[in-house]
There are 2 protein chains.
Amino acid sequence: MIDFRTHPDSYRHWRLRIDDRVAYLDMAVDPDGGINPGYELKLNSYDLGVDLELADAVQRLRFEHPEVGAVVIGSVLDRMFCAGANIGMLASASHPLKVNFCKFTNETRNAIEDATRRSGQRYLAALGGNAAGGGYELALAADHIMLIDDRNASVSLPEVPLLGVLPGTGGLTRLTDKRHVRRDHADIFCTFQEGAKGQRALDWRLVDELVPASSFAETVGARAREFAEQSDRPADPGGVELTPLDREIGEDHITYSLLTVSIDRGNRTASIEMTGPEGSPPQDGDEAAAVGAKFWPLRLARELDDAILHLRVNELEIGTVVLHTRGDLDTTLAHDAFLLTQSGHWFVREVQLLWARVLRRLDMTARTIIVLIEPRSCFGGLLAELALAADRSYMLIGSFADEGGHEARLALTEANLIGYPMSNGLSRLETRFWGDPEGHALAREAIGSRLGAEESLAAGLITDAMDDLDWEDELRIVFEERAAFSPDGLTGLEANLRFPGPETMETKIFGRLTAWQNWVFQRPNASGESGALRRYGTGIRPEYDHRRV
Amino acid sequence: MIDFRTHPDSYRHWRLRIDDRVAYLDMAVDPDGGINPGYELKLNSYDLGVDLELADAVQRLRFEHPEVGAVVIGSVLDRMFCAGANIGMLASASHPLKVNFCKFTNETRNAIEDATRRSGQRYLAALGGNAAGGGYELALAADHIMLIDDRNASVSLPEVPLLGVLPGTGGLTRLTDKRHVRRDHADIFCTFQEGAKGQRALDWRLVDELVPASSFAETVGARAREFAEQSDRPADPGGVELTPLDREIGEDHITYSLLTVSIDRGNRTASIEMTGPEGSPPQDGDEAAAVGAKFWPLRLARELDDAILHLRVNELEIGTVVLHTRGDLDTTLAHDAFLLTQSGHWFVREVQLLWARVLRRLDMTARTIIVLIEPRSCFGGLLAELALAADRSYMLIGSFADEGGHEARLALTEANLIGYPMSNGLSRLETRFWGDPEGHALAREAIGSRLGAEESLAAGLITDAMDDLDWEDELRIVFEERAAFSPDGLTGLEANLRFPGPETMETKIFGRLTAWQNWVFQRPNASGESGALRRYGTGIRPEYDHRRV
């Protein structure tokens, strides 16, 4: 079982150091610290265990260090920044593990860009040595890449010539769409094992700055301090500690403080029930920060994030995730309003941005997402966003016989318009009504109301509404049917239907690039007995079926 | 060997009839007419042989029938429009054949949309019976879908529930991005084998019009005549016949009138040499139309299109295509200018649109494209577009020793800005300089000049320039290196690097959707011994590995 929870005190692969407003995050991969046996993490090559520490560090810097305005990613090794994803790991990993590994590392790189763009923590990559493959892709996630000019250090994407696979962590998309490397330059770069160094790397926009070896550390520090000065984050320390998540894992249950997961293995379905807030929201952002990791939206977001990751990686056969909420709608809406009105406060902004990332992680999860809106639920504002993220949503008409007249309500707020953008840059509401301005206008009119099932259906906000008599039978059919389908067909279907309309770098990475990589990973030329991944390091050349597809 | 050349006189699967300004194209698939043995094309199910006749008809209608302003796609069968791609064919086809089949059918659907949007031939789908899977996807390519309201006829995409694969011909993208079907409705529709009929099909935007059975033919005809009236095409007949292509296929050579293909099997490379025009262009569009199929740009476009298709399907091991031109640059530029200035004429417009489609077919070809700009070549305007379509382009500095001082020139024109848009909606020049406005401005300044190798390099228009001494050796290394790489890695690399920047429905279909489908096709759940494609029709349920990836 892979546990995504970690803490700087137990990092095996990274060293984190804060110097005034600049954080230094140095890669120091322990060769013997692989998350699975059978490979050695030489030369700062990485596996999922290395990346989940990085993800943890990126997250903590935002919450625990409001004063940090710039983050430098470097390496403790001489002449080596990072050698990329470990090839022994890739060669021995199952297809699902390879795909999950790429997805998570992609999300970590996106989180780095999210911190730079939205959170005032600008990332620099300080390449004091070679950045190869995934190592260069990590650098590409930074806003500014500095390369030591020592006649040796290079950046490279040797996946195609060396391994017969694609750079799997957004490299191709970031080359063309972020750094605007011309496509023929990119073609040469990606097919030349040695990559590029010095002036060529600069001329082809592969790096932003060449720095003489003699002044490397000094120049990196100066540049980072310069960027930190431009940050809108508060200069005085006083962060919010991300305390360890309470979690108990049983056979078919996972229990957190605000969330429980119940697994029905027969239907390959997991139900997640989330608990709404209790009591009034804090007076202001400072009071919220004082509540810290127990602040309801932060606590729930962290628990939901962990639950999604756990299901993705440790429960591969669970094909459907059903989301429920339970709580007081008024209190939920009060917290939703608090987040919106106080979003100028650094901590509140971070909580909102975390929710946005967790929701995007949900969008990118290759499981059917179904939301059930029942009596005593609290799908309001922020939590209504879950209903909009679902592949299907069902709402009860009236009340259950034994629920004393309680009825389900769905309540949209301004948060559903501006609070939690998808990877495509649109709100989930805009995405839902893509190309249908009338439908979108009708749905917007619902903002501020508490809609019953039939009103929600009329406003186009839910998939279907059913009464007590049909509820259980109808849903049983939905779950059984879903469990019987080809999991691959569903993955491809959902990946396409969830993202109508415009594309961004993020959707291109997950849609176009990831799909191609998944395909290449499956192919005998990569993963077969004589494929490049399996032959790497043996001294024997791979044998290719040369038919072009 | 698959031959893409055909003619209405030899159609086995379609009936074409022109009635004044409306064409009726009725599907009448011959069950025994499969292009490969081993399956029966029942119920208007189709294979590549059926689709290449459709592509031919779509093309001919544009050139041979300027008077046709609307095209109705229908069926000769009772209660069945089209059952989609033949499943026996899919189950028995190799992976490359499945992928090539999907790509070509996608291009045919795109050609239908291109005719509607740019050519004044608006397509209607007249569903007098069921449209299932690829049958409904064919209807989705039309601008207007009419469904008979007889309580029986339905539209459906049963691929996921029935076959464990995706609708492979753009269906998912067209549902959400063209018809704006809400994603949860699309989810239900695509997982419900029976699909939708009657009012639900209309309510969910799956069709545009329900027509009572008693007046179906009459209403379809009236609607088509109404659309034809709005066309900007000339009402008086007098088309240009697309005469049979001259082609001779030898062991390693294919010879057309203006184009030859030479195959180097050792380097898995095909060289295509195209000949420029001779003599002055015609005076005007009518004179060009009188020249007909021999009009240089039309003739060359058709030959190039056929050569690309031949290589794609019949020469799977050829991984690199090298493009050369030979001819007089002035004469080429005169023809290029003619096409631009006379583009108001229906025939000239068709020739331009055909070139645009052939160039897009090249962009979508899973082979490395390399352009060599040598002395006596004629890369001007229209033909310069080939250089911009290449993954890499190389140009000779100076002249070859035995060429008497002739030097290579590259000449951009206005055509490179507005004439031949890519699938992403941009010109190839914009795409090349995506995110680099200065580079784009510099390249635009070159319009109207005849650039030598070093000027072309400085303007960013070519990948590299070499002199006589290096030319052969350097290129030999490029070709050998390319031939040694994993063909799958190259396919994925090129598919990503060719399309920086914005995405459209077309690029989403080829990038996102196709990549997912290729992945699903590879998976054991679809293509394995116990997979859904192989088990279909046996009465035995497929066995799935239920791990979600």
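A. Molecular detail of the packing of aromatic side chains. In total, this model carries 18 aromatic pairs over all chains according to the counting rule given. Relative to Phe189 of chain A, the ring of Tyr136 of chain A lies with its centre 5.6 Å away and its plane at 80°, an arrangement referred to as edge-to-face. Here Tyr136 of chain A is found in helix H4 (residues 134–141), whereas its partner Phe189 of chain A is found in helix H7 (residues 183–191), with 53 residues between them in sequence. With 6.0 Å between their ring centres and 40° between their planes, Tyr46 of chain B and Phe101 of chain B make a pair best called tilted. One end of the pair, Tyr46 of chain B, is in strand E3 (residues 45–46); the other, Phe101 of chain B, is in helix H3 (residues 95–118), with 55 residues separating them in the sequence. Neither Tyr46 of chain B nor Phe101 of chain B differs from the other in exposure class; each is buried. Members of the aromatic cluster, connected to one another through ring pairs, are Phe63, Phe295, Phe338, Trp346 and Phe347 of chain A. One cation-aromatic arrangement involves Arg17 of chain A over Tyr24 of chain A; the distance from NZ or CZ to the ring centre is 4.3 Å. Over the face of the ring belonging to Phe521 of chain B we find Lys98 of chain B, whose NZ or CZ atom lies 5.5 Å from the ring centre.

B. Representation of the pairing of strand E7 (residues 122–127) of chain B in the model. All names here are of chain B. Summarising burial for E7: five of the six residues are buried, a large majority. Pairing analysis gives four bridges linking strand E4 (residues 70–75) to E7, with the strands arranged parallel. Across the sheet, Ile73 pairs through a bridge with Ala125, a residue of E7. As judged from the four bridges shared by E7 and strand E9 (residues 144–149), these two strands associate in the parallel manner. Within E9, the position partnered with Leu127 by the bridge is Leu147.

C. Main features of the sheet that holds E4 of chain B. Residues and elements named next belong to chain B. Ordered in space as E1-E2-E4-E7-E9-E12, the six strands form an open sheet in which the pairing is mixed. Looking along the sheet, the strands with just one partner apiece sit at the ends: strand E1 (14–19) and strand E12 (209–212). Averaged over neighbouring strand pairs, the angle between their axes works out to 25° when direction is ignored. Pairing analysis gives six bridges linking E1 to strand E2 (residues 22–27), with the strands arranged antiparallel. Within E2, the residue paired with Leu16 across the bridge is Leu25. Contacting E1, E4, E7 and E9, helix H4 (residues 134–141) runs over the sheet at an angle of about 130° to E9.

D. Structural context of the interface of chain A and chain B. Each partner contributes to the interface: chain A provides 87 residues, whereas chain B provides 87 residues. In this assembly, chain A packs against chain B so that about 8500 Å² is buried in total across both faces, 55% of it on carbon and sulfur atoms. Taken together, the connections running from chain A to chain B amount to 18 salt bridges. With a closest N to O distance of 3.0 Å, Glu503 of chain B and Arg512 of chain A form a salt bridge.

E. Expanded view of the packing of helix H11 (residues 296–314) of chain A against helix H13 (residues 346–363) of chain A. Residue and element names in this part refer to chain A. The N-to-C vectors of H11 and H13 enclose an angle of 25°; their axes lie 10 Å apart at closest approach. In terms of their interaxial angle, H11 and H13 are classed as roughly parallel. When you trace H11 past H13, the crossing you get is left-handed. Of the residues in H13, those in contact with Pro297, Leu298, Leu300, Ala301, Arg302, Leu304, Asp305, Ile308, Leu309 and Arg312 of H11 are Phe347, Val351, Leu354, Trp355, Val358, Arg361 and Leu362. Classifying every residue of the contact of H11 with H13 gives 13 nonpolar, no polar and four charged.

F. View of the relation of the copies chain A and chain B. Between the two copies, chain A and chain B, the superposition gives an RMSD of 0.0 Å; the rotation angle is 180° and the shift along the axis is 0.0 Å. The operation mapping one copy onto its partner corresponds to a two-fold rotation axis.

G. Summary view of the nonpolar core. Among the nonpolar cores identified, the biggest contains 196 residues, and Tyr136 of chain A together with Tyr136 of chain B are the most heavily contacted of them. Sort the elements by how many residues they give to this core and helix H21 (residues 505–522) of chain B lands first, with eight residues. Those residues in contact with Tyr136 of chain B, other than ones at most four positions away along the chain, are Ala131, Ile145, Val155, Ser156, Leu157, Leu175, Arg179, Phe189 and Leu206 of chain B.

H. Region of the structure containing the side chain of Asp47 of chain B. When you line up the elements, Asp47 of chain B lands in the loop between E3 and helix H1 (48–64). The buried charged residue Asp47 of chain B lacks any salt bridge, with Arg12 of chain B as its nearest oppositely charged partner at 9.3 Å.

I. Here's a closer look at the sheet that holds strand E10 (residues 154–156) of chain B. All names here are of chain B. Strand order in the open sheet formed by four strands is E5-E8-E10-E11, with mixed pairing between adjacent strands. Each end of this open sheet is capped by a strand with a single partner; those strands are strand E5 (79–82) and strand E11 (196–197). In this structure, E5 lies alongside strand E8 (residues 129–132), joined through three bridges in parallel fashion. Note on E8: the bridge partner recorded for Met80 is Asn130. Its contacts with the sheet put H4 on E5, E8 and E10, and the angle it makes with E8 is roughly 95°.

J. Up close: unusual backbone geometry. All names here are of chain A. Phi is positive for Arg205, close to 65°, though the residue is something other than glycine. Checked against the element boundaries, Arg205 lands in the loop between helix H8 (198–203) and strand E12 (209–212). The class of Arg205 is partly exposed, set by a relative accessible area of 30%.

K. Layout of the pattern of salt bridges. Using the criterion set out here, one finds 98 salt bridges over all chains in the structure. Note that Asp208 of chain B is salt-bridged to Arg179 of chain B, the shortest N-O span being 3.1 Å. Remark: Arg179 of chain B occurs in the loop between helix H6 (171–178) and helix H7 (183–191) and Asp208 of chain B occurs in the loop between helix H8 (198–203) and E12; sequence separation between them is 29 residues. On the basis of relative accessibility, which here comes to 34%, the residue Asp208 of chain B falls in the partly exposed class. Look at Arg179 of chain B and you get buried, because its relative accessible area is 9%. Each of the salt bridges in this network shares a partner with another, and the network as a whole consists of Arg62, Asp114, Arg118, Arg233, Glu350, Arg357, Arg360 and Glu506 of chain A.

L. Fine view of helix H1 (residues 48–64) of chain A. End to end, H1 of chain A covers 23 Å across 17 residues, agreeing with the expected 24 Å (1.5 Å per residue, within 8%). Counting buried residues in H1 of chain A gives 16 out of 17 residues, a clear majority hidden from the surface.

Definitions and cut-offs
Residues numbered from 1 in each chain as written. Chains lettered and ligands numbered in written order. Predicted model: local features only at pLDDT ≥ 70, side-chain atom pairs only at ≥ 80, totals over all residues. Heavy atoms only, no water. Phe/Tyr/Trp six-rings, centres within 6.5 Å; stacked < 30°, edge-to-face > 60°. Helix = DSSP H or I, 4+ residues; strand = E, 2+ residues; numbered from the N terminus. Buried < 20%, exposed > 50% of the residue type's maximum accessible area, 1.4 Å probe, protein only. Lys NZ or Arg CZ within 6 Å of the ring centre and 35° of its normal. Pairing = 2+ DSSP bridges. Axes fitted to C-alpha atoms, helices over the stretch in contact; angles between N-to-C directions. Contact = heavy atoms within 4.5 Å. Buried area = accessible area lost by both parts, 1.4 Å probe. Salt bridge = Lys/Arg side-chain N within 4 Å of Asp/Glu carboxyl O. Parallel < 35°, antiparallel > 145°, perpendicular 65-115°, else oblique. Left-handed = near helix turned anticlockwise from the far one by under 90°. Nonpolar A, V, L, I, M, F, W, Y, C, P; charged D, E, K, R; others polar. Least-squares fit on C-alpha atoms with pLDDT ≥ 70 in both. Core = buried A, V, L, I, M, F, W, Y, C linked by side-chain atoms within 4.5 Å. Lys, Arg positive; Asp, Glu negative; His and termini not counted. Expected span 1.5 Å × (residues − 1).

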